[in-house]
Amino acid sequence: MIRAILIFNNHGKPRLSKFYEHYTEDTEQQIIRETFHLVSKRDENVCNFLEGGMLIGGSDYKLIYRHYATLYFVFCVDSSESELGILDLIQVFVETLDKCFENVCELDLIFHVDKVHNILAEMVMGGMVLETNMNEIIMQVDAQNKMEKSETFIFQSTRQDR
Amino acid sequence: MSDVVEKTLTALPSLLLSVDSQPGSAKLSTSSKLGSLIRNITELTSKHEEEKLIQRELSSIKDQVSSPNTTMRQMKELMVRAIYCEMLGYDSSFTYIHAIKLAQQGSVLEKRVGYLAVSLFLNEHHELLLLLVNTVLKDLQSTNLIEVCMALTVVSQIFPKDMIPAILPLVEEKLNHPKEIIRRKAVLALYKFHLIAPNQVQHIHNKFRKALCDKDPGVMGASLHIYLHLIQENPEGYKDLTTSFVTILKQVVGGKLPMDFNYHSVPAPWIQIQLLQILSLLGKNDPGTSEIMHEILEESLRRAEMNHNITYAILYECVKCIYTIHPKSDLLEKAAKCIGNFVLSSKINLKYLGLKALTYVVQQDPKLALQHQMTIIECLEHPDLIIKRETLEILFRITNAQNVTVIVEKMLTFLSTSEDDHTTIDLVGKVAELAKKYAPDNEWFIQTMNAVFSLGGETMQPDITNSFLKLLSEGFDSVEEDRKLKVFAVNSYVSLLEGEPEKLPQRFLQVISWVLGEFSHLQQDVGAETVVCLLDKLLHMKNSTSETKTWVLMAMTKVCEGAACAPLVQSVCETYSSSLDTVLRQRAQELQHLSRDPALRARVLPPVCTREPLEVDSSLSFLDEFVSEALAAGAAPYKPSHQRQEELAQTKAVSYEPYQLTLPISTTAHTHTPSLLSISSSLSEGSADLSHKGGSSSLKLEGVKRVWGRGGYEAAQVETPSPPQEGGDPSISHTPPLTSEDTESKQQEQQLASSMFLGLDHSSVTLMGKGDSTPSWLKRKERGQTPLNDAQTFTDPQELTDPSPLHVVSPQFPQSPVIANGTSDTEAALALACLDTNRSSTNQLEDRGLSLYLPAELSGLICSEISVLCSSESLELSACHVHKLRSLEMIVFISNSSDNAVQQIQVQLHSEQLEVSCASESQMEEVKGHSVVVRQYSLRVRKPSVHVELIGTLFHPETPQNVQFTYRLPLSSFIRPLTLSTEEYGTMWLSFSNDTKQNLTLVHSENEGPLRATLNVLTEDLHLHVVEIIGMEAIVACRLLQDQPCLMHCRVHGDALAVWLRSPVPELPDCLIYHCQRALQGH
């Protein structure tokens, strides 16, 4: 299961934090700080996995992260998740963001926190991977965005016919 | 209450609208507000300024959300700003209620932000969440699919556990929804319910199966989450699905799924990964099931050969699966090759996973580590700490008596550079474990432990120090060896203290003081005054905690001897007798008195050689005279501490807190006169029972106590099989100390490898065995617990494929036997009932021929199927359970199929959940050739749970290994009818506090009404007693053996039976509900 998804920039400023398990407000902030501390001191040419942050649950948990320009994308997962699988999930997530925001940058994440959360909700639901196909995710998000414009909206999906 | 709030909330928008429509209400351009907020934040330089800015922002948000002029649209913007502030760690709890309001009243888009804010702000236990239930209910029923989706998403994120029954039917209904995305989300929502309240979704397991067979692969994929979890909990229950999972995997691998499931032209990789995880759980220790999946695993390995990250993810899962399930040699070979590809890969992520895979398999197949030894050595010097750590993990698993020095040295080098607490704690524990297990000699052991204590610091697990002290005090059998070890320890500590004790962690200082106190007299070269001087130095150190000082004072008490120490001791006593810390003061007093009176000291702390087993008078009878005198003089009588606590609680007026610390010392009720007697008594008491010692909870002296314990100096009773093997293997001694210098001479690495992987290659397996049989270090303590110790672990894959001679089956009883009339009251009636039903399992008993051996007094009672527990050579163990009215009897049959008698067979059963008592007294049994011995055990429930499990061990003198087996039985076997009158039921109902409510499906029958029909099923299956039926309601009672009642109230409510259970046992109602559901499912 995915325990938390964190995005922060090179200075440790959180840009998105989503916890799938309950922690107190203070613990959440501590987790973000500790995770940043762990991730930021790693070089570029080392592996994308980290083990055993104390706060998020000790040795049974691992951090899987990717670094893109100014942002770190960190997934905290338990031992049942596949490391490489999650690593590619992050890739899918970022590609999806890129498509939705057309050349996504840090500012997009700041000004559209809600949109990013919505995209994430189509990928990961309650800590479980829901959808991994980029087109399908964009389809769902777009469908919701169109609601803004027209009330008489017809629900669509590429997979409708199956 | 929630209704009222709901109404007020619905009334609000009309108000808001009316105000908003008035001209002049200021339009706030909030999006630019968020922009300016962020701009402002980025311009700030200090944390303090940011705090001020956000506080200002929050107060402005607060004004606006509570203002009636704010439209829902503006509210949405405000929420986004609040989310931002909350993410930065500032409390915006005043917006929570508005978030709920927004979710309830906004248009779809605003609702989405509302739901988002709710799921980010609140947690499952937040009280405001109750207000959301109605909104979710409404949205689940909405015709707008987006609203349904949003509701399902929020449900899977946070939903109050108690309210699940309210929305469960709606979510279940969604499983049949025409849109796949809705079905998919519903499956995940139900999975979430299963995680937080498994009992509530017990009845929809069939629907999960339907989801698995869904025509849309997405829904199937979602249901895999559930199955992965369910199978993890209970692999036995889902073996029948193995073929289905294999078929699905075949289809996925074969590319039968629609194209849009492909990722980088790999078909549905995430689904493949999950399926492989499921298969490895199913095939674990099960040759039959493993057989089914061999073909597809091979196919997966073959297909996944493209060079993309995600194919490696599949390969890795495949390899893990192959090594988890029952082994097959050619698959293992391929998997090993695959691991090689990982380890040798230039991509660092793959290398890491390769190492992880090696760690996983190295115990089964140590040769693999040998193959990659050069890579492992390289990885040890890798710049990435994570890679290094994983490498050490592999080394830890292949450590044996021959390579321990090299490996521990590597670990210590790593530790000295590690900054991460978690890693340090973990590794320190591992080093300590290895040192204890494989230490080649005394010096090495002490030095390694010194390093452990210095590096481990304060974060170390406390049991490391404790077990070290225990080890040291118990020592060896051989007096000479024992002395050598202790003298060496003393010498090394004296030199450490002469160096720079300031740099040592407190925990280490405590160990040092204890050892010096106990054993410094063994070393003649170091005089008592030197030791006291060194210890005194510790007292003066600035960073010494009072806990350390206590240890030091105690050590001084043991050491101070002769006139030379007197002045120093005197000054120490003076300093600490007035200390504010009562424990320290106590120790100082002891020190003072004992140092002045050598005779008393000799009696209290006798020198080791003359130390007799201490006779501890725990009743302190020698004080009787003193107490009676004190009482006669008007002193208050002694009250035990708990009684005093109670009285304190009653008279709340004054706080007595500070005095509590001294309570354990004053057990003799005369601390106000600190006479010599009182001190000696508290001393002797202290040595008798550690928990009283000085009353300080901070003193963890488990190790200390051993020597001073009831049995006196315990070293005398310790049996160590042989003195430690000096020197170990000669090849270790000239191992070059590997320097991390950049002279990367291959030769050096080779040499390191040869010393590190010593004892791993096939030819040396026997050698290893020999090494183990001369246990170098206190081996007896670890035997049987550490697989590494066992030469058998080091089998090569060829051997693994042979079916192991010990075949263990754990039986399961999905259905308990049934009787027709559960209300019967006597055992005879029960027996009759049993004979009445043709569902009784007597027939099956006959088949096995074992039923003949059932004890006579049990014949005719309800009996479960006899199942095979385990077999070992010619012996076979079978068991069944028999329902007696007052107990549940477990019958174990030990049958011997060979011609020869087998002697000294021992069967031991234990369980956390059950109390097991054996009818016969003898532990050992002799089973003659071709005969059966029956043992009978009575079982009683200690801790109820849905299924209870017994773990048993068969000790068999002729095979070296003990055979383990488990026996699982449903809690319903322990349920018996409880006959009550309605009045009794009424009074009992009110007195029980633990209750559960649940809706059950009704059973419909032609002859009777649904209530009666349902009750009949329940009473039949679960042996309940129907107390009374009044119209559409019924009251039912039962008891869990022995006498733990559970009452049940049933009412027909629409299409369901609403049951309400109460019991004094907290777990019982939930378990019973489960069995009721199961019983009704069967009909």
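Cut-offs applied
- Residues numbered from 1 in each chain as written.
- Chains lettered and ligands numbered in written order.
- Predicted model: local features only at pLDDT ≥ 70, side-chain atom pairs only at ≥ 80, totals over all residues.
- Heavy atoms only, no water.
- UniProt positions renumbered as here; feature names shortened; annotations may be inferred.
- Helix = DSSP H or I, 4+ residues; strand = E, 2+ residues; numbered from the N terminus.
- Buried < 20%, exposed > 50% of the residue type's maximum accessible area, 1.4 Å probe, protein only.
- Contact = heavy atoms within 4.5 Å.
- Phe/Tyr/Trp six-rings, centres within 6.5 Å; stacked < 30°, edge-to-face > 60°.
- Lys NZ or Arg CZ within 6 Å of the ring centre and 35° of its normal.

For chain B, the name recorded in an unreviewed UniProt entry is AP-4 complex subunit epsilon, with Gouania willdenowi as its organism. Note on chain B: under the UniProt heading Subcellular location (unreviewed entry), the record states "Endomembrane system". Per its UniProt entry, chain B bears the Subunit (unreviewed entry) comment "Adaptor protein complex 4 (AP-4) is a heterotetramer composed of two large adaptins, a medium adaptin and a small adaptin."

The name an unreviewed UniProt entry assigns to chain A is AP complex subunit sigma, from the organism Gouania willdenowi. Among the UniProt annotations of chain A, the heading Sequence similarities (unreviewed entry) holds the following wording: "Belongs to the adaptor complexes small subunit family."

Draft legend 1. Inspection of the overall build of chain A at higher detail. When helices and strands are tallied, chain A shows five helices and seven strands. Its helices and strands taken in sequence order, chain A reads β-β-α-β-β-β-α-α-α-β-β-α from the N to the C terminus. In chain A, which comprises 162 residues, the share counted as buried stands at 65%. Within chain A, residue pairs in contact and separated by at least 24 positions form 47% of the contacts whose partners lie at least 6 positions apart.

Draft legend 2. Geometry of the packing of aromatic side chains. Residue and element names in this part refer to chain B. Throughout the structure, instances matching the rule amount to 20 aromatic pairs over all chains. With centroids separated by 5.6 Å and ring planes inclined at 75°, the aromatic side chains of Tyr312 and Phe342 adopt a geometry described as edge-to-face. Note that Tyr312 is positioned in helix H16 (residues 309–324) and Phe342 in helix H17 (residues 329–344), a separation of 30 residues in sequence. For the pair shown, Tyr312 and Phe342 are each scored as buried. Here the basic side chain of Lys320 rests over the ring of Tyr360, its NZ or CZ set 5.5 Å away from the ring centre. Between the NZ or CZ atom of Lys430 and the centre of the ring of Phe396, over which it lies, the distance is 5.3 Å.

Draft legend 3. Fine view of unusual backbone geometry. Here the phi dihedral of Glu102 of chain A falls at roughly 50°; this positive angle occurs in a residue that is not glycine. Inspection of the secondary structure assignment puts Glu102 of chain A in the loop between helix H2 (83–101) and helix H3 (106–111). Looking at Glu102 of chain A, the relative accessible area reads 66%, which means it is exposed. At Ser265 of chain B, a residue that is not glycine, the phi angle is positive and equals roughly 55°. Relative to the elements of secondary structure, Ser265 of chain B occurs in the loop between strand E1 (262–263) and strand E2 (266–267).

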